[in-house]
Amino acid sequence: MKISLAKIAATILLLVSGAMAGSPEALAKNPPMAADDELPIVGPWLRDHLPDDALIYVRIPHPFGMLAMPKGNVLEPALRSRANAEAVAAIRRGISENVIGIMPALDNPLLRGLERHLRSPVELAVIAGQAPSFLLAVNLDLDSRAAFEDLVGEFSGQGAGLAGPLDEQGVGQLAGPGLPVFLRFEASTGRLLANAGPAVSAESFAALLPLVTRNEDHGMLSMERRIDESGHGFLNWIDAERAMPMLQLMMQPDQYASLVALGLDKVTAAATGFGVANGKGRLSVIADVPDENRGLLPLVRNELDATSVGEPDALLLLSIPTLEEFKRLEAKVLESADDAKRAQWADVQVKLATEFGFTVDDIFAAIGPEMLMIFDRAGDYSAIRLRDAKAWKRIVDGVADLEGSTYEKRRIGSKTYYHISIRTGSDLADADNALAEQQPWV
């Protein structure tokens, strides 16, 4: 019997949603948990303890952490209730005992061990040091060194195992992997740290551990706060300014040249991910680039003060650069273009001016700095901010003057609505006519 990972994920989501459902009265009877570490899935630890020379940080959320742990949004009271914590624990046991065993994709001792004992996100950092190395951090529901040694013993058939018992500090070495791997397991917290790299040794690991201390000033944290404050979302961060020289050694010359052409060699730091920040779900890509080094990266400034009908279900934003910024990008592209490409671009501008009465420059002068797609109780619709209303009217008039197009306006209440229908062929015209008869005003 084959069951896809997608179906399993959907099942987990439905079960968790059902577990969270309930009346406010029922939730009120369950007091909030006393501390975050009492939740079934705990938050990340390494994010607050990154050494100063950590150049890359990656966080992969625990599935139950991502779906069912409190994140500071509107579901906080329900997700933090004891009823939810108990339900999540029961669902997790049920899936472990009845579902995972019939999934061929998870028929692996390492994956099965993580599925049973992992209770945190998986955090991975690249540490510069004297030689680059990887630092892994997870939390396991194990409370003794003996239990951890037994767990690692289950992986011995996978080409890895402990070289010997852990010492009194919980420090040991893995035998078998291609790279040297040293680790420390804290029985009191269930926290596991593992350090791997070509030059990693017992001495270098011992020197690294004191550096893994609380660090509230690490550069990663400022970007994390804009993407995922909860700690239960995905996050990828890189200190590009310091990491690029190292990455250059690993790249082919043409690959690095492509990054330089995009201006990415001038990026000081970047992050991508999704999670919850400021009480809202976020899907973000962020890059810090000095203005003078932007290359082909556009500079945009948004003014997000749009209104919606009720709380919006979703919002998509397209940032639009100013005319001056567009001209800078245009010049940058044309610098590297051959004569034929430059002639083609000039021809496009002439045709737009001739057939429509406006050019690409006119578009960037008229609209911006953003275009929104809003999904709310009124429906799904787009909104464009205007920089120059008169310039926008000239564009609309140019489109309306196309052969076969119609341009109507109607005043309803205190608002004026405009409807433009563009004919691009007989089939499309018939479809447009049918749509216009049903819903002509947009």
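*Asks:* Pulling in residues and values, what's your account of a nonpolar patch on the surface?
*Replies:* A cluster of nonpolar side chains, Tyr407, Tyr418, Ile420 and Ile422, forms an exposed patch at the surface whose accessible area comes to about 330 Å². Within the fold, tyrosine 418 resides in strand E15 (residues 415–421).

*Asks:* Which residues make up the nonpolar core, and what values do they have?
*Replies:* Proteins that are soluble and globular tend to have nonpolar side chains buried together. The biggest cluster of nonpolar side chains holds 25 residues, and the ones touching the most others in it are Leu46, Leu50, Val212, Met220 and Trp237. At the level of secondary structure, the elements contributing two or more residues to this core comprise strand E1 (54–60), strand E2 (122–127), strand E3 (133–139), helix H8 (202–208), helix H9 (219–227), strand E8 (234–238) and strand E9 (269–277). In terms of residues, this core owes the most to one element, H9, which gives four residues. Formed by 15 residues, the second largest nonpolar core is a distinct cluster that contains Leu118, Leu166, Leu183 and Ala194.

*Asks:* Describe the sheet that holds strand E11 (residues 314–319), and please don't skip the residues or the numbers.
*Replies:* If you trace the three strands from one edge of the open sheet to the other, you get E11-E12-E13, paired in antiparallel fashion. A single partner strand is all that each edge strand has here, and the edge strands are E11 and strand E13 (379–386). Neighbouring strand axes in the sheet, compared pairwise and without regard to direction, differ in orientation by 15° on average. Bridge count for E11 against strand E12 (residues 367–376) is six bridges, and the pairing is antiparallel. From the neighbouring strand, leucine 318 faces E12, where its bridge partner is methionine 371.

*Asks:* I'd like a description of the pairing of strand E10 (residues 280–288), backed by residues and values.
*Replies:* Examined bridge by bridge, E9 and E10 share nine bridges and lie antiparallel to one another. Residue pairing across strands places alanine 270 opposite alanine 287, the latter belonging to E10. The antiparallel pairing of E9 with E10 creates a hairpin that spans two residues between the two strands, and asparagine 278 there sits at a positive phi of about 55°.

*Asks:* Give me the packing of helix H12 (residues 323–336) against helix H13 (residues 339–355): which residues, what numbers.
*Replies:* Think of two packed helices as two axes; the pair is described by the angle between the axes and how far apart they sit. The interhelical angle for the contact between H12 and H13, taken along N-to-C directions, is 145°, at an axis separation of 10 Å. Residues Phe326, Glu330, Leu334 and Glu335 of H12 form the contact with H13, whose participating residues are Arg342, Trp345 and Gln349.

*Asks:* Give me the environment of alanine 269: which residues, what numbers.
*Replies:* Relative to the helices and strands, alanine 269 resides in strand E9. Taking relative accessible area as the criterion, alanine 269 reaches 11% and is therefore assigned buried. Between the C-alpha atom of alanine 269 and that of methionine 220, which follows or precedes it by 49 residues, the distance is 8.5 Å. Residue contacts for alanine 269: discarding those within four places in its chain leaves Met223, Trp237, Ile238, Ala240, Ile286, Ala287 and Asp288.

*Asks:* Provide a residue-level description of the pattern of salt bridges, including the pertinent values.
*Replies:* Counting across every chain of the model gives 17 salt bridges. Across the salt bridge formed by arginine 145 and glutamate 168, the nearest N and O atoms sit 3.5 Å from each other. Pair noted here: arginine 145 is in helix H7 (residues 145–153) and glutamate 168 is in the loop between strand E4 (161–162) and strand E5 (171–175), with a separation of 23 residues, a long-range link. A salt bridge links lysine 393 to aspartate 397; the nearest nitrogen and oxygen atoms lie 3.0 Å apart. Here lysine 393 and its partner aspartate 397 are both found in helix H15 (residues 389–400), four residues apart, which amounts to about one turn of the helix. Among the ionic contacts, a cluster of salt bridges with common partners joins Arg47, Arg59, Glu224 and Asp228.

*Asks:* Just give me the short version of unusual backbone geometry, but keep the residues and values in it.
*Replies:* Here glycine 368 and proline 369 are connected by a cis peptide whose omega angle stands at 10°. Locating proline 369 in the fold gives a position in strand E12. At asparagine 278, a residue that is not glycine, the phi angle is positive and equals roughly 55°.

*Asks:* Just give me the short version of the pairing of E13, but keep the residues and values in it.
*Replies:* The pairing of E12 with E13 spans seven bridges and is classified as antiparallel. Of the residues in E13, the one forming a bridge with leucine 372 is alanine 383. If you look at the hairpin formed by E12 and E13, you'll find two residues sitting between the two strands.

*Asks:* I'd like a description of the packing of aromatic side chains, backed by residues and values.
*Replies:* Throughout the structure, instances matching the rule amount to five aromatic pairs. Considering the side-chain rings of phenylalanine 356 and phenylalanine 358, the 5.6 Å spacing of their centres and the 55° angle between planes classify their relative orientation as tilted.

*Asks:* Mind laying out H15, listing which residues take part and the relevant values?
*Replies:* Helix length check: H15, at twelve residues, gives a terminal C-alpha distance of 16 Å against a target of 16 Å (1.5 Å per residue), a fit within 8%. Taken together, the buried positions of H15 are occupied by Ala391, Ile395, Val396, Gly398, Val399 and Ala400. For H15, the elements touching its buried residues are helix H14 (360–366), strand E14 (406–412) and E15. With a side-chain oxygen lying 3.1 Å from the backbone nitrogen of lysine 390, the N-terminal cap of H15 falls on aspartate 388.

*Asks:* An account of the sheet that holds strand E6 (residues 181–186) is requested, with residue identities and associated values reported.
*Replies:* An order of E4-E5-E6-E7-E3-E2-E1-E8-E9-E10 is seen for the ten strands of this open sheet, with the pairing classed as antiparallel. Looking at the sheet topology across the chains shown, the edges are occupied by E4 and E10. Pairing of E1 with E8, which is carried by four bridges, proceeds in the antiparallel orientation. Opposite isoleucine 56, over in E8, you have isoleucine 238 as the bridge partner. Against the sheet, H9 engages E1, E8, E9 and E10, with an angle of about 40° to E9.

*Asks:* Any details on the environment of aspartate 376? Residues and values, ideally.
*Replies:* Tracing the chain through its elements places aspartate 376 in strand E12. Sequence separation between aspartate 376 and valine 309 is 67 residues, and the spatial gap between their C-alpha atoms is 5.9 Å. Beyond its immediate sequence surroundings of up to four residues, aspartate 376 is in contact with Ser308, Val309, Pro312, Asp313 and Tyr381. Only 2.8 Å separates the side chain of aspartate 376 from the backbone nitrogen of valine 309, close enough to count as a polar contact.

The rules behind each value
- Residues numbered from 1 in each chain as written.
- Predicted model: local features only at pLDDT ≥ 70, side-chain atom pairs only at ≥ 80, totals over all residues.
- Heavy atoms only, no water.
- Patch = residues over 30% accessible without salt bridge, like charges linked within 9 Å, V, L, I, M, F, W, Y side chains within 5 Å.
- Areas by Shrake-Rupley, 256 points an atom, 1.4 Å probe, with all protein chains shown as cover.
- Salt bridge = Lys/Arg side-chain N within 4 Å of Asp/Glu carboxyl O.
- Helix = DSSP H or I, 4+ residues; strand = E, 2+ residues; numbered from the N terminus.
- Core = buried A, V, L, I, M, F, W, Y, C linked by side-chain atoms within 4.5 Å.
- Buried < 20%, exposed > 50% of the residue type's maximum accessible area, 1.4 Å probe, protein only.
- Pairing = 2+ DSSP bridges.
- Axes fitted to C-alpha atoms, helices over the stretch in contact; angles between N-to-C directions.
- Contact = heavy atoms within 4.5 Å.
- Phe/Tyr/Trp six-rings, centres within 6.5 Å; stacked < 30°, edge-to-face > 60°.
- Expected span 1.5 Å × (residues − 1).
- Polar contact = N/O pair within 3.5 Å; in protein donor to acceptor, adjacent residues only side chain to side chain.

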